[in-house]
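Single-letter residue listing:
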Amino acid sequence: VTVENFLRVLTGRIPPSTPRSKRLLSDDRSNILIYMTGHGGNGFLKFQDSEEITNVELADAFEQMWQKRRYNELLFIIDTCQGASMYERFYSPNIMALASSQVGEDSLSHQPDLGIGVHLMDRYTFYVLEFLEEIHPASQTNMNDLFQVCPKSLCVSTPGHRTDLFQRDPQNVLITDFFGSVRKVEITAETLSLDRHVAAFESKFPEEELATEPLKYAEQLPVAQIIHQKPKQKDWHPPGGFILGLWALIIMVFFKTYGIKHMKHVF
Amino acid sequence: AAPVQVRLVVPITVVFGPGSVPRDLPRPLPFRDVQEVEISVNLRTSVMSRYEMHYRRTTGQEEAALAAATAREADAALHPLQDTTMGSLTMYVVSETSSLLPQGISVYVGKHRSALVRAVGSLAALQARLREVTQVMSFTASSIATALSDRVPNGQLSPDARRYLKSSLGYEITFSLLNPDPKSHTVDWDIEGAVNRYVKPVLDKLSLVANFSVDSQILYYAVLGVTPRYNKESSSFLLSAHSLPHVINPVEARLGSSAASLYPVLNFLLYVPERSHSPLYIHDKDGAPVSTNAFHSPRWGGIMVYNVEAPVSSQASLPLHVDVDMTRVMEVFLAQLRLLFGLSQEEVPSEFLLESPGNEGLADWELDHLLWAHTVENIATVSTTLTSLAQLLDKIGNIVIKDDVASEVYRAVASVQSAVTKLSLGHLHAAFQASKEAVTSSERAFFDPSLLHLLYFPDDQKFAIYIPLFLPMAVPILLSLAKIVRETRLRKKEPTKMD
């Protein structure tokens, strides 16, 4: 996962060869949940210890998504140090954001495992998961309850949230809108009446059968070709910048040491 | 959102049969008239619908056709005499007392592009009725607003608003048979035959709208995510309406889809309940069993529960062999397909009698309905896409536009202009094709991988990166240059000094 891949998936600007399973095939009625965790700071989040994603880039990506209506509502949860800085720059509508700590605060981790020597989980994530485990698909719990998860007494940092871009009142937004697998369904009340005794169908637009030659596999290692190959004629290219620069340096050093008067002996 | 002004032109021919001409015609027949109605979706999006009416009397052949016994026969006889270009409508007005239309029915809508309308006294009343018919057979303000649903101000579109399939170049249809209990039931379904006999005619008719591909699969040990409850009164199992929304997700993980295609997938699932949960009925909100025993989810597909008759003797050997009645199944699946596309007959007024399209699946005017909505949707999408692309390019000043992106943008603009022009001339089919090309080009331009904003650094970031590298290096170079300049100036002055 790199920053570029992540933003490509979000905005949809993906090379055409990407398979379906690696694309975000969302439309204007999809609710999207984005959860990010790791190390971060004021305005950035670390990816794989070598890259960062900034809050401006993320906000621009969400705006590109909104322009193409790739989401209906977006819930953004971030659990890093100074997490609230990541959602400060959002400017697209219908985004609700939660963060584990405010700017200037650190998010702390939860359980140290003395056997392995590292911490197993972050505090905010732990308490959010504990909260979510009590939600079942038919639950009516709303977002205001999610905002209360992990108060300062448990989390040491102050969780924050941002709802000004969101159109609906958080009171009316169900947790299952983002976390559940609740689909809109309608009862099928109509049927089509089909004539049972119908012959096989002749299409009005018959597919044209393209005559193709029988196909066979290409030879995997054309040994005969390789053995009898003549050496390829390579076109002559003038020497590139590096070679020219190197020779210029050598010539300059030579004439600096031995003096310009030797030039006439060379030519 | 970018401003969109589109004019939709519907050419309508109104043919007055004998005894049906209203008394208060402004001019003698034949004459033409134009009615314009504006549908405004938001401040910058307005659709002007223009109905070009041509009123005339019947010809001899049409009169003979109208003398048929039933409306259906009359419609069939009139079909070869009509103008059948897409988007056009023909309405035959029959006298008030005509027996062609059954009692209580004032309009008979055929399965092509014509309707038989019972005359009303005055021209104004007749025009009101004709307008009703036109709206059913072409588009209404709400169908256009739904097509432009991403422009409707939030809050005006109710959360229950119809979510029909978005306009796309193609759709993939997957029929799946779910058999959770193979030990009890061996289910045979002749899906290939059913697709050839029932599905292909419908898809053939819809092929003007999009490309369709069909595949099928059988899944064993796939259960619904919800445990049905036992209903003592009817000694059957039931799935209540509020448990249906939780059924789809657990099953969806096992369905799979073709990795290569990016078209939306429509899944039609046939579920044969386990022997221990048979028979299984779906109940609606009021607790009554649903006659089709099926439900569908907008933009996803449909699920039908197929109950196996209990064997006559309880000692019957397991597994029972089940031969699925594909006609009954396809009647439901194809109805669900129509509903997913938004072709529902429930909003039609009760005095209208609609001819059943039969095995073709949809009437010609329903196809027109789809084309109107999809063309308007495509034009709006192209306009939004290109405007947003232009905004992106304005924002990132140093973005590089490749030649092929530029040519796609030009092509998209030309196609969408052509689509709008053709719509205002009343050529629906050509306008739809142009709008499809416009969408393809604009999407290809917008989603080009080279336009990722991450790749283009704003100038201040470039300064911030290069200055710490080059400034320390540049200091001695600049100082030496200054020294050289000073020395040359001194040397120039020296010859004068020597003298």
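Worth saying up front: this structure is predicted, and the values here are computed from it rather than measured.

Below, the discussion takes up the overall build of chain B. Scanning chain B from terminus to terminus reveals 11 helices and 17 strands. Against the 2.2 N^0.38 benchmark of 23 Å for 499 residues, chain B shows a C-alpha radius of gyration of 32 Å, more extended than a compact globule. Taken along the three principal axes of its C-alpha coordinates, chain B extends 130 × 80 × 40 Å. Evaluated residue by residue, chain B yields a buried proportion of 51% over its 499 residues.

Next up on the list: the overall build of chain A. A tally of regular secondary structure across chain A gives nine helices and eight strands. Taking 267 residues into account, the globule formula puts the C-alpha radius of gyration at 18 Å, and chain A, at 32 Å, lies well above it. For chain A, the spread of C-alpha atoms along the three principal axes comes to 95 × 75 × 45 Å. A buried classification covers 38% of the 267 residues belonging to chain A. Sequence separation of 24 or more characterises 64% of the internal contacts of chain A that already satisfy a separation of 6 or more. Counting every atom, chain A has about 17,300 Å² of accessible surface; 57% of that belongs to carbon and sulfur. Across chain A, the centroid of the 26 positively charged side chains sits 13 Å from that of the 33 negatively charged ones.

Both faces of the sheet carry side chains from a regular strand, because those side chains alternate between them. Residue and element names in this part refer to chain A. Of the two faces of strand β1 (residues 31-37), only one is covered, namely that formed by Ile32, Ile34 and Met36; the face formed by Asn31, Leu33, Tyr35 and Thr37 stays uncovered. Inspection of the sheet shows β1 paired to strand β5 (residues 73-79) by seven bridges, in the parallel sense. Within the sheet, the bridge partner assigned to Thr37 lies in β5 and is Asp79.

Attention shifts here to the domain arrangement of chain B. Along its sequence, chain B is carved into domain 1 (170-341), domain 2 (366-452) and domain 3 (458-498). Each of domain 2 of chain B and domain 3 of chain B has a C-alpha centre, and the two are 53 Å apart.

Here the focus is the pattern of salt bridges. All names here are of chain B. Within this structure, the stated rule accounts for 25 salt bridges over all chains. Ionic pairing is found between Arg56 and Glu62, a salt bridge with its closest N-O pair at 3.0 Å. A residue is classified by how much of its surface remains accessible, and Glu62, at 2% relative accessible area, is buried. Taken together, the shared-partner salt bridges connect Arg113, Lys205, Glu360, Asp364 and Asp368 into one network.

In the numbering used here, UniProt assigns the "transmembrane region" (unreviewed entry) feature to residues 463-485 of chain B. The span residues 463-485 of chain B is 100% helix and 0% strand, and its two end C-alpha atoms sit 28 Å from each other.

This part takes up the state of the cysteines. All names here are of chain A. Per the stated rule, a full pass over the model turns up one disulfide over all chains. Note on cysteine connectivity: Cys150 is disulfide-linked to Cys155, with sulfurs 1.5 Å apart. Taking the sign of the torsion about the S-S bond as the criterion, the disulfide between Cys150 and Cys155, at about 85°, is right-handed. Since its relative accessible area comes to 3%, Cys150 is described here as buried. Its relative accessible area of 2% is what places Cys155 among the buried residues.

Further remarks concern the packing of helix α8 (residues 364-395) of chain B against helix α9 (residues 403-425) of chain B. Residue and element names in this part refer to chain B. As a packed pair, α8 and α9 sit with axes 11 Å apart at the nearest point and diverge in direction by 145°. Classified by chirality, the crossing of α9 by α8 is left-handed. For the pair α8 and α9, the contacting residues are Trp372, Thr375, Ile379, Val382, Leu386 and Leu389 in the first and Val409, Ala412, Val413, Val416, Ala419, Val420 and Leu423 in the second. Here the residues of the contact of α8 with α9 sort into 12 nonpolar, one polar and no charged.

Residue and element names in this part refer to chain A. Going through the model one piece at a time under the given rule, you end up with 19 aromatic pairs over all chains. Relative to Phe47, the ring of Phe6 has its centre 6.0 Å away and its plane inclined at 45°; by these criteria the two rings are tilted. Of this pair, Phe6 sits in helix α1 (residues 3-11) while Phe47 sits in strand β3 (residues 44-47), and the two are 41 residues apart along the sequence. Each of the two residues, Phe6 as well as Phe47, counts as buried. Aromatic ring contacts, followed pair by pair, group Phe62, Phe76 and Phe90 into a single cluster.

What follows is about a negative patch on the surface. A cluster of acidic residues, Asp188, Asp190, Glu192 and Asp323 of chain B, forms a negative patch on the protein surface. Note that Asp188 of chain B resides in strand β8 (residues 185-188).

With that out of the way, let us pick up the pairing of strand β11 (residues 236-239) of chain B. Neither face of β11 of chain B is open: one carries Ser236 and Leu238 of chain B, the other Phe237 and Leu239 of chain B, and all of them are buried. Taken together, strand β10 (residues 229-231) of chain B and the strand that follows it, β11 of chain B, pair antiparallel across an intervening segment of four residues, in which Ser235 of chain B is found at a positive phi of about 40°.

Moving on: a nonpolar patch on the surface. A cluster of nonpolar side chains, Phe242, Ile243, Leu246, Trp247, Ile250 and Ile251 of chain A, forms an exposed patch at the surface whose accessible area comes to about 640 Å². Assignment of secondary structure puts Ile250 of chain A in helix α8 (residues 241-258).

With that out of the way, let us pick up α9 of chain B. Residue and element names in this part refer to chain B. Its 23 residues place the ends of α9 33 Å apart at the C-alpha level, agreeing with the 33 Å of an ideal helix rising 1.5 Å per residue. Of the positions making up α9, those classed as buried are Val405, Glu408, Ala412, Ser415, Val416, Ala419 and Leu423. Taken together, the buried residues of α9 touch β1 (4-16), α8 and α10 (428-446).

To continue, consider the interface of chain B and chain A. Taken residue by residue, the interface counts 76 residues in chain B and 49 residues in chain A. Both faces combined, the contact of chain B with chain A buries some 5,600 Å², and carbon together with sulfur accounts for 55% of it. In this structure, the connection of chain B to chain A is made through seven salt bridges. Along the contact surface separating chain B from chain A lie 29 residue pairs in polar contact (both at pLDDT 80 or more).

This brings us to the packing of α8 of chain B against α10 of chain B. Residue and element names in this part refer to chain B. Across the interface, α8 lies against α10 with an axial gap of 8 Å and an inter-helix angle of 30°. In terms of orientation, α8 and α10 fall into the roughly parallel class. You can see that α8 and α10 cross each other, and the crossing is left-handed. Residues that form the contact of α8 with α10 fall into these classes: 13 nonpolar, eight polar and three charged.

Now for the sheet that holds β10 of chain B. Working definition: the strands of a sheet are paired by backbone hydrogen bonds and lie parallel or antiparallel to each other. Residue and element names in this part refer to chain B. The strand order across the open sheet formed by three strands is β10-β11-β13, and the pairing between neighbours is mixed. If you trace the sheet from one side to the other, it starts and ends with β10 and β13 (280-282), each paired once. Across the sheet, the axes of successive neighbouring strands diverge by a mean angle of 45°, strand direction being ignored. Pairing analysis gives three bridges linking β11 to β13, with the strands arranged parallel. Considered in β13, the bridge of Leu239 is made with Ile282.

Between its first and last C-alpha, α10 of chain B extends 26 Å over 19 residues, near the 27 Å set by a 1.5 Å rise per residue. The secondary structure elements touched by the buried residues of α10 of chain B are α2 (55-67) of chain A together with α8 and α9 of chain B.

Residue and element names in this part refer to chain B. Here seven strands make up an open sheet; going across it, the order is β2-β3-β1-β4-β6-β5-β17 and the pairing mixed. Two strands lie at the open edges of the sheet, namely β2 (31-42) and β17 (352-354), each paired on one side alone. Between one strand axis and the next, the sheet turns through 20° on average, direction left out of account. Of the pairings in the sheet, the one linking β1 to strand β4 (residues 89-94) comprises five bridges and is parallel in character. Across the sheet, residue Ile12 finds its bridge partner in β4, namely Leu89. Helix α3 (residues 123-137) rests against β1, β2, β3 (45-57), β4, β5 (107-109), β6 (114-118) and β17 of the sheet, and its axis sits at about 150° to β6.

Conventions adopted
Residues numbered from 1 in each chain as written. Chains lettered and ligands numbered in written order. Predicted model: local features only at pLDDT ≥ 70, side-chain atom pairs only at ≥ 80, totals over all residues. Heavy atoms only, no water. Helix = DSSP H or I, 4+ residues; strand = E, 2+ residues; numbered from the N terminus. Rg over C-alpha atoms; globule rule 2.2 N^0.38 Å. Buried < 20%, exposed > 50% of the residue type's maximum accessible area, 1.4 Å probe, protein only. Contact = heavy atoms within 4.5 Å. Areas by Shrake-Rupley, 256 points an atom, 1.4 Å probe, with all protein chains shown as cover. Lys, Arg positive; Asp, Glu negative; His and termini not counted. Charge placed at Lys NZ, Arg CZ, Asp CG, Glu CD. Pairing = 2+ DSSP bridges. Domains from an automatic or database assignment. Salt bridge = Lys/Arg side-chain N within 4 Å of Asp/Glu carboxyl O. UniProt positions renumbered as here; feature names shortened; annotations may be inferred. Disulfide = S-S within 2.5 Å. Axes fitted to C-alpha atoms, helices over the stretch in contact; angles between N-to-C directions. Left-handed = near helix turned anticlockwise from the far one by under 90°. Nonpolar A, V, L, I, M, F, W, Y, C, P; charged D, E, K, R; others polar. Phe/Tyr/Trp six-rings, centres within 6.5 Å; stacked < 30°, edge-to-face > 60°. Patch = residues over 30% accessible without salt bridge, like charges linked within 9 Å, V, L, I, M, F, W, Y side chains within 5 Å. Expected span 1.5 Å × (residues − 1). Buried area = accessible area lost by both parts, 1.4 Å probe. Polar contact = N/O pair within 3.5 Å; in protein donor to acceptor, adjacent residues only side chain to side chain. Parallel < 35°, antiparallel > 145°, perpendicular 65-115°, else oblique.

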